[in-house]
Amino acid sequence: MLDGYDPCVASDGLSRGKNLSAARAMSILQRAGVNAVFMLLVFFTGAGGTAWAAGDDQPPAGEFSNGDCIRCHRKTSPDLIDAWQQSAHGKSKPAVANCVTCHGNTHQGATKKARRNSVCIDCHGGEKDPVVHSYATSKHGIILRLEQKEWDWSQPLEQANYRAPGCAYCHLHQGNHNVSAGVRQDIMHTTKQEDVAEVMRAVCQDCHAPRYVTRLFENGEAMLNIGRMKVREAAGLLQQARTEFSPEELTATEQRFNKMRSHHLKNVLLGVGHQSPDYQWWHGHPALDGDLLRIKGGIGELKRLRVITDKTADEVVRQTGR
Amino acid sequence: MKHKPVRYVWVPIVIALLAIPAGFVYVNWSKSGSGAGLYSRQWLPQAVFAYWDPDDFYDSVQTMKGTFKGKECVACHEGVTPGIVKDWRASRHSQAGKKVYCSDCHGNDHQNLHLPTPDVCGGCHATQHGQFQDEKRYGFPSHALAMERALDAKHFVDKPKAEVTACLQCHSVATKCDSCHTRHRFNAAEARRPEGCITCHSGPPHPDDETYFASKHGQLYLKEGQDWDWSKPLQKGNYKAPTCAYCHMRNGKHQVADKSIWKFGIRQVNPLTSNNEVKRDQWVKVCSDCHEADWSRQRLAELDKERKQAWQKLYAAERVLKDLRADGMLYPAAEERPPYPNDWMGRYLPYERIGFFEGQASAFFNVSPIERDYFEMWYFDNLGAYKGAAHADPAFVAKGHAAMERKLTAIRRAANVLRTLGEEEKAIGRRAAPQELWLKGEYTEYNREHN
């Protein structure tokens, strides 16, 4: 599928081997095209730091409330507001994160500031939260940590303008304010979420070869599916156990199951999404293995006790003599 | 009669002469399957393995035809993957008198590209490559042997391959140089920073990041490191505090694990063998760049002591488990739990793996909870304590030992429950069957079919 992707060829069927200069021209034109579209976009919308330079129009000075931002940007950049309102940030009322949360309450440095990871980390649990930590220990996170001081943060979030992606580079790629577009909403189910992968695939290809990205995504999906299998296996056992034992007897096992689904499976997802081998593995799959076997152990112990105490229990076997 | 013994001498000699080449043939045969490593005939690789173990699995893209010069690669990839080209432009490869182009490492035939292995980098960087390969003679733990270590691990072979991809991602440090010198900048300075190591050297079994950053060395680095000149070689006087690379790759030597005495903390070692004394002297030399030699020796002796204490705790737990096994009190027993898919011997002679030498590395799945407790005590708490001791983070040592104490208590308590239940069951002659719970289930059955 994406193996066939190649703008040099795909754009007009130009044979790459025969006519390099034409292909090169295409590639340059294409980049120029993207930049032109972006410039036009920022010109008309008034969003982004470069807009004012292009339009020779300074953004209004002073402090603004979130209501002020929306009133004005509803006119100047309606798409941006719409995208934000579709996202987990802007969907609820009041919004979880609004313009001021990430951009501050003045236009001064508003864009640059919001592109830095720090604005995200403050709300997303801090440095030790798996969401943040899985990224921070990835190669992307490491490169960013070491080099971010030297980067020009006024660059738009596209075209590999940054050597490694920060939170915003991927989740607000090309300034798309629907941060949820590339995030799975339901960790247990894949249906209707193909577009999520597509959104992110496009981002990765700023730097990585199309086939590499495809293979990585397929592998990540398979890895996540195996995690789901473990959770479903545990869920099935627990469902059966609920018909046999009281909620009090199952308290510890229920708690473990909740942690399995909400923490350890999520770690696999974060490990895949943020490319952290440690979250895919040690915080992910072996942790799920431990949950599964301990859930089995917990239910098994109750079953043993019942056989010992209840002489009428039917699920018994002779002592193996071992 | 006189000549008979002489004649019989030939029997073992002939057997040996046949057995030795037969052994080589068998090992070669077992390595020639669809996978890689000793168990290659028992598994199929994921497509993505091409990028972690290129020697074994890389296959060139076929979507583009033709051969290209370096400048042509750059021209087109500026559009396809601008990040790669930007990185290359900022690297020394693009600035050297004779530029190192894409085609120099990847080849110029687009249908026959390769992913550069250390051998390719070694074409120019012969010193570093030679040192890196030389690390193999020190045995495990090792960067140069890391891929073999992963591929030949039974739990890697036993698990569905999509599940264990992350193993190869880190163990690819043996098969690609960009684990430390990230592509396509390939910067030596980046690899000198401790952060360059922590994508792999973090997490429960090897909290190198946490322990180093919490140490005085790490604290100094965190406070002042951003102002140090990282272009300087890893030599005495160049850095105010040591980093991972300063100690483990002193003077830039790429034999990273050449001084490994305690073997990752994974099994008990005699730290005072003559071989380990040589390594100890080398450690003292490293520490002596800043500290007094005697003082350094004392610190290393403290590490010996910490290891001894850790193993006393681990062996205490191991005894509890082995006693349970001897008395048939583990539940489920080995024959009642899912077998490891490729362990054909385990199918005929099922046994519970307790302790390093019995293959406890696989004891994190398909085992009873008490065995998993011991696995975590050994692989997480113990290894964490070791890293804390080695990197001078006393709080982490205390945390690890406290956790081991807690686990030991929990294991003893759980063992009592197992014994009580087991004895009651014996007394009444009835026992709940574990098979339904342990042998069935979506993942369990999938794992039996897919590995």
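Residues numbered from 1 in each chain as written. Chains lettered and ligands numbered in written order. Predicted model: local features only at pLDDT ≥ 70, side-chain atom pairs only at ≥ 80, totals over all residues. Heavy atoms only, no water.

**Q** When you look at the overall build of chain B in this model, what are you seeing that I'm missing?
**A** The secondary structure content of chain B amounts to 22 helices and one strand. For chain B, with 451 residues in total, the buried portion stands at 50%. (Helix = DSSP H or I, 4+ residues; strand = E, 2+ residues; numbered from the N terminus. Buried < 20%, exposed > 50% of the residue type's maximum accessible area, 1.4 Å probe, protein only.)

**Q** Explain the overall build of chain A here, please?
**A** For chain A, the helix and strand inventory stands at 16 helices and one strand. For chain A, buried positions account for 47% of its 322 residues. Here the contacts in chain A between residues at least 6 apart in sequence split such that 56% fall between residues at least 24 apart. Approximately 16000 Å² of chain A is accessible, and the part contributed by carbon and sulfur atoms is 57%. (Contact = heavy atoms within 4.5 Å. Areas by Shrake-Rupley, 256 points an atom, 1.4 Å probe, with all protein chains shown as cover.)

**Q** Would you take a moment to explain the packing of helix H16 (residues 274–287) of chain B against helix H17 (residues 293–326) of chain B for this structure?
**A** Two numbers describe a pair of packed helices, the interaxial angle and the distance between the axes. All names here are of chain B. Interhelical geometry of H16 versus H17 gives an angle of 125° and a closest axis separation of 9 Å. The orientation of H16 relative to H17 falls into the category oblique. The hand of the H16/H17 crossing is right-handed. Residues Arg 280, Asp 281, Trp 283, Val 284 and Cys 287 of H16 pack against Ala 293, Ser 296, Arg 297, Leu 300, Ala 301 and Asp 304 of H17. (Axes fitted to C-alpha atoms, helices over the stretch in contact; angles between N-to-C directions. Parallel < 35°, antiparallel > 145°, perpendicular 65-115°, else oblique. Left-handed = near helix turned anticlockwise from the far one by under 90°.)

**Q** Sorry if this is basic, but what is going on with the environment of Cys 167 of chain B here?
**A** Inspection of the secondary structure puts Cys 167 of chain B in helix H11 (residues 165–171). Here Cys 167 of chain B falls in the buried class, since its relative accessible area comes to 14%. Distance in space between the C-alpha atoms of Cys 167 of chain B and Met 147 of chain B is 9.0 Å, their sequence separation being 20 residues. Each residue touching Cys 167 of chain B, except ones within four places of it in the same chain, is listed here: Trp 281 of chain A together with Phe 156 of chain B.

**Q** Where do I start with the side chain of Glu 195 of chain B in this structure?
**A** On the secondary structure map, Glu 195 of chain B appears in the loop between helix H12 (188–192) and helix H13 (208–214). What makes Glu 195 of chain B buried here is its relative accessible area of 3%. Within the structure, the side chain of Glu 195 of chain B is placed 2.5 Å from the side chain of Tyr 221 of chain B, a separation counted as a polar contact. In contact with Glu 195 of chain B, not counting residues within four places along its chain, are Ile 142, Arg 145 and Leu 146 of chain A together with Phe 213 and Tyr 221 of chain B. (Polar contact = N/O pair within 3.5 Å; in protein donor to acceptor, adjacent residues only side chain to side chain.)

**Q** When you look at the nonpolar core in this model, what are you seeing that I'm missing?
**A** The tendency in soluble globular proteins is for nonpolar side chains to be buried as a group. Counting residues in hydrophobic clusters, the biggest one holds 89 residues, and the most contacted among them are Phe 156 and Tyr 374 of chain B. Here the element with the most residues in this core is helix H13 (residues 210–244) of chain A; it accounts for eleven residues. Formed by 26 residues, the second largest nonpolar core is a distinct cluster that contains Leu 146 of chain A together with Ile 198, Tyr 212 and Cys 247 of chain B. (Core = buried A, V, L, I, M, F, W, Y, C linked by side-chain atoms within 4.5 Å.)

**Q** Looking at this structure, I do not really get the environment of Val 269 of chain B. What am I missing?
**A** All names here are of chain B. One can find Val 269 in the loop between helix H15 (244–248) and H16. Each C-alpha atom, one on Val 269 and one on Lys 308, is 9.3 Å from the other, the two residues being 39 residues apart in sequence. In this structure, Val 269 is in contact with Ile 261, Trp 262 and Lys 263, ignoring residues within four places of it in sequence.

**Q** Quick question: what am I supposed to make of the interface of chain A and chain B here?
**A** How big an interface is tends to be stated in terms of the accessible area lost upon association of its parts. Contacts between the two partners involve 79 residues from chain A, matched on the other side by 97 residues from chain B. Carbon and sulfur atoms make up 59% of the area that chain A and chain B hide from each other, which totals about 7700 Å². With a shortest N-O distance of 3.5 Å, Arg 211 of chain A and Asp 59 of chain B are connected by a salt bridge. Linking chain A with chain B are 35 residue pairs in polar contact (both at pLDDT 80 or more). Put simply, the parts of the chain that give the side of chain A that touches chain B at least two residues each are helix H1 (7–10), helix H2 (20–45), helix H10 (139–147), H13, helix H15 (277–280), helix H16 (285–309) and strand S1 (316–318) of chain A. Looking at which element gives the most residues to the side of chain A that touches chain B, the answer is H16 of chain A, with 18 residues. In the side of chain A that touches chain B, the residues fall into 32 nonpolar, 19 polar and 28 charged. (Buried area = accessible area lost by both parts, 1.4 Å probe. Salt bridge = Lys/Arg side-chain N within 4 Å of Asp/Glu carboxyl O. Nonpolar A, V, L, I, M, F, W, Y, C, P; charged D, E, K, R; others polar.)

**Q** What should I look at first to understand the pattern of salt bridges in this one?
**A** Any two side chains of opposite charge can pair, on the condition that their charged atoms come close. All told, the structure shown has 48 salt bridges over all chains when counted by the stated rule. Here Lys 296 of chain A makes a salt bridge to Glu 233 of chain A, at a shortest N to O gap of 2.8 Å. On the criterion of sequence distance, the pair formed by Lys 296 of chain A in helix H16 and Glu 233 of chain A in helix H13 is long-range, its members being 63 residues apart. One continuous salt-bridge network, built from bridges that share partners, spans Glu 147 and Arg 163 of chain A together with Asp 87, Arg 185 and Glu 190 of chain B.

**Q** What should I look at first to understand H10 of chain A in this one?
**A** The periodicity of an α-helix, 3.6 residues per turn, causes residues three or four positions apart to be oriented the same way. Those residues of H10 of chain A not exposed but buried are Gly 141, Ile 142, Ile 143, Leu 144, Leu 146 and Glu 147 of chain A. Taken together, the buried residues of H10 of chain A touch helix H8 (117–123) and helix H9 (130–136) of chain A together with H12 and helix H14 (216–224) of chain B.

**Q** Please clarify how a nonpolar patch on the surface should be interpreted in this entry.
**A** Side chains of Val 9, Trp 10, Ile 13, Val 14, Leu 17 and Leu 18 of chain B sit close together on the surface and give an oily, nonpolar patch of about 610 Å² of accessible area. Mapped onto the elements, Val 9 of chain B comes out in helix H1 (residues 4–30). (Patch = residues over 30% accessible without salt bridge, like charges linked within 9 Å, V, L, I, M, F, W, Y side chains within 5 Å.)

**Q** Just checking my understanding: could you explain the packing of aromatic side chains for this structure?
**A** Here a ring pair, both rings aromatic, is described through the centre-centre distance and the interplanar angle of the planes. In this structure the tally under the stated criterion is 36 aromatic pairs over all chains. Measuring from ring centre to ring centre gives 6.0 Å for Trp 281 of chain A and Trp 282 of chain A, while their planes differ by 70°; the resulting arrangement is edge-to-face. Each member of the pair, Trp 281 of chain A as well as Trp 282 of chain A, is classed as buried. The ring of Phe 264 of chain B has Lys 387 of chain B sitting right over it, with the charged end atom 4.1 Å from the ring centre. (Phe/Tyr/Trp six-rings, centres within 6.5 Å; stacked < 30°, edge-to-face > 60°. Lys NZ or Arg CZ within 6 Å of the ring centre and 35° of its normal.)

**Q** Is there a simple way to think about the confidence of the model for chain A in this case?
**A** Regions with low pLDDT carry predicted coordinates that are not meant to be interpreted in detail. All names here are of chain A. For chain A, mean pLDDT is 83; residues scoring 70 or higher make up 77% of the total. Taken as a whole, residues 1–29 scores under 50 in pLDDT and shows 43 contacts with residues more than four places along the chain or in a different chain. Scored below 50 in pLDDT, residues 315–322 makes 26 contacts in the model with residues more than four places away or belonging to other chains. (pLDDT = per-residue confidence, 0-100.)

**Q** Mind showing me how you'd approach unusual backbone geometry here?
**A** Negative phi characterises most residues that are not glycine, and trans characterises most peptide bonds. Arg 183 of chain B connects to His 184 of chain B through a cis peptide bond whose omega is -10°. Residue position: His 184 of chain B is located in the loop between H11 and H12. The omega torsion across Tyr 331 of chain B and Pro 332 of chain B is 0°, close enough to zero to call that bond cis. Positive phi, close to 55°, is recorded for Gln 275 of chain A, a residue that is not glycine. Within the secondary structure layout, Gln 275 of chain A lies in the loop between helix H14 (251–273) and H15. Accessibility expressed as a relative area gives 18% for Gln 275 of chain A, which makes it buried.

**Q** Mind showing me how you'd approach the packing of H13 of chain A against H14 of chain A here?
**A** Residue and element names in this part refer to chain A. Between H13 and H14, the shortest axis-to-axis distance is 10 Å and the interhelical angle comes to 175°. The angle between H13 and H14 falls in the class roughly antiparallel. Facing H13, whose interface residues are Gly 220, Met 223, Leu 224, Gly 227, Arg 228, Lys 230, Val 231, Ala 234, Ala 235, Leu 238 and Arg 242, H14 presents Thr 253, Glu 254, Phe 257, Met 260, Arg 261, Leu 265, Val 268, Leu 269 and Val 272. Looking at side-chain class alone, the contact of H13 with H14 contains twelve nonpolar, three polar and five charged residues.

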